[in-house]
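# Residue-level structure breakdown
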Amino acid sequence: MTAPSAATNSNIIGVGVDQELITSVPSHNPTFVARNFTEAEIAYCRAQPSPASSFAARWVGKEAVFKSLGVKSAGAAAVLKDIEILNDDAGVPSVHLHGEAQVKAQERGVANVLISLSHSETIAIAFAQASST
Amino acid sequence: MTAPSAATNSNIIGVGVDQELITSVPSHNPTFVARNFTEAEIAYCRAQPSPASSFAARWVGKEAVFKSLGVKSAGAAAVLKDIEILNDDAGVPSVHLHGEAQVKAQERGVANVLISLSHSETIAIAFAQASST
Amino acid sequence: MTAPSAATNSNIIGVGVDQELITSVPSHNPTFVARNFTEAEIAYCRAQPSPASSFAARWVGKEAVFKSLGVKSAGAAAVLKDIEILNDDAGVPSVHLHGEAQVKAQERGVANVLISLSHSETIAIAFAQASST
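Read on for an overview of the structure. These numbers were taken from a predicted model, which means no experiment stands behind them.

### Concerning the pattern of salt bridges
As enumerated under the stated definition, the model contains nine salt bridges over all chains in all. Note that Asp 18 of chain A and Lys 67 of chain A form a salt bridge whose closest N and O atoms lie 3.3 Å from each other. Placement of Asp 18 of chain A in strand β1 (residues 12-21) and of Lys 67 of chain A in helix α3 (residues 51-69) is noted, with a sequence separation of 49 residues between them. Overall, Asp 18 of chain A belongs to the buried group, its relative accessible area being 8%. The partner of Glu 41 of chain B in a salt bridge is Lys 62 of chain B, and the shortest N-O contact between them spans 2.7 Å. One end of the pair, Glu 41 of chain B, is in helix α2 (residues 39-46); the other, Lys 62 of chain B, is in helix α3 (residues 51-69), with 21 residues separating them in the sequence. Given the relative accessible area of 0%, Glu 41 of chain B is considered buried.

Put into structure tokens, the structure is as follows:
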């Protein structure tokens, strides 16, 4: 080998897991929803068969993404709306960082965050992985 | 750059998490089992201390692998038997893709899928990670 | 650039997930605690709002790390104390391997293990990822 391939590097910077009882996420509370979810997320969740399950899955998704960034949790609530989780054309959830969350991600060298969500009858769970590419 | 080192690249293409109540997975239903599990998987699960728990863990494992591939979920049921999860000599579960699942993985550039399974008294959970090497 | 960058490789060697009911982890049993947790872990967990939840989260964390190493589970109990999970200055849990766990990790080419922990009212869950850098 005589030439580097810097572009092929894909360092994992952090992982995050979170779970909650669906009934523990106050998605019936308009203040909670408006403070933590974007308009696109709200529209998506309200159109699902079980909006409470979908809000709960996205809520734990945001927490999992936050954990994957590896930053101090003080002030976490302030940035959760800046962690937006939207489905792509194939129905796969993808992470979009805005505002303070985007700044914190850049400080940590995070360029991409993968996410997966799951909800059963009672529990919502999410896994996130932050990487440098 | 004049000589890439493709072999060192390890891009994570997708992650997947899934969980179910063990009692929600109809492993006592022969049609469900025959449609979704390979003969080797069935033999393994039936030899375990709690076959229902083992079937449930593999079921959520297949769903997690499917999510990690990042493809449309329409027709998911059709390919779950093509996602085979067998234990290696060390007892570590490994993913073997066949048929349509293998085709979809290749289309997405996935060469390897790592999996981990867990079941407690009531819940089965799985995490999968698809990568290009 | 005229030299390869082997150091930029970040192969994921294994992933691990584990979960337990918090009430299933006998953290009130001094023998169990002394056998499986380091002094630093014990001090941390006892200082948390819910020591039982914190012990359970670290317990499933150790199991998830063990799974991510991809080694035979025979004798797992012997090495769980060698898998130490401590929080860094930002409150992010980090994995420190000692003794037999460190030897097994080196044999598998594992240089780093990322971990995330979560506990709700009833369940503790952990995800681990072992990589070569």
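Read on, since the account is not over.
### Digging into the packing of aromatic side chains
Geometry of an aromatic ring pair is reported as the spacing of the ring centres plus the angle between the planes. For the structure shown, the criterion picks out twelve aromatic pairs over all chains. Centroid distance Phe 37 of chain B to Phe 55 of chain B: 5.0 Å. Interplanar angle 75°. Geometry classified as edge-to-face. Remark: Phe 55 of chain B occurs in helix α3 and Phe 37 of chain B occurs in the loop between α1 (30-36) and α2; sequence separation between them is 18 residues. Exposure class is identical for Phe 37 of chain B and Phe 55 of chain B. Each is buried. Among the aromatic side chains, those forming a connected cluster through ring pairs are Phe 32, Phe 37, Phe 55 and Trp 59 of chain A.

### Some remarks on the layout of surface pockets
A volume near 920 Å³ is recorded for the largest pocket. Considering the residues around the largest pocket, the lining is formed by 40 residues, among which Asn 87, Gly 91, Pro 93 and Leu 117 of chain B together with Lys 67 of chain C are closest to the centre. Take the lining of the largest pocket: its biggest share by element is eight residues, from strand β4 (residues 112-119) of chain B. Classifying every residue of the lining of the largest pocket by side-chain character gives 17 nonpolar, 16 polar and seven charged.

What counts, and where the lines are drawn
Residues numbered from 1 in each chain as written. Chains lettered and ligands numbered in written order. Predicted model: local features only at pLDDT ≥ 70, side-chain atom pairs only at ≥ 80, totals over all residues. Heavy atoms only, no water. Salt bridge = Lys/Arg side-chain N within 4 Å of Asp/Glu carboxyl O. Helix = DSSP H or I, 4+ residues; strand = E, 2+ residues; numbered from the N terminus. Buried < 20%, exposed > 50% of the residue type's maximum accessible area, 1.4 Å probe, protein only. Phe/Tyr/Trp six-rings, centres within 6.5 Å; stacked < 30°, edge-to-face > 60°. 1 Å grid on protein atoms, 1.4 Å probe; cavity = no way out; pocket = protein on both sides within 12 Å on 5 of 7 lines; lining within 4 Å. Points joined across faces, edges and corners; volume = space filled by probe spheres on them. Nonpolar A, V, L, I, M, F, W, Y, C, P; charged D, E, K, R; others polar.

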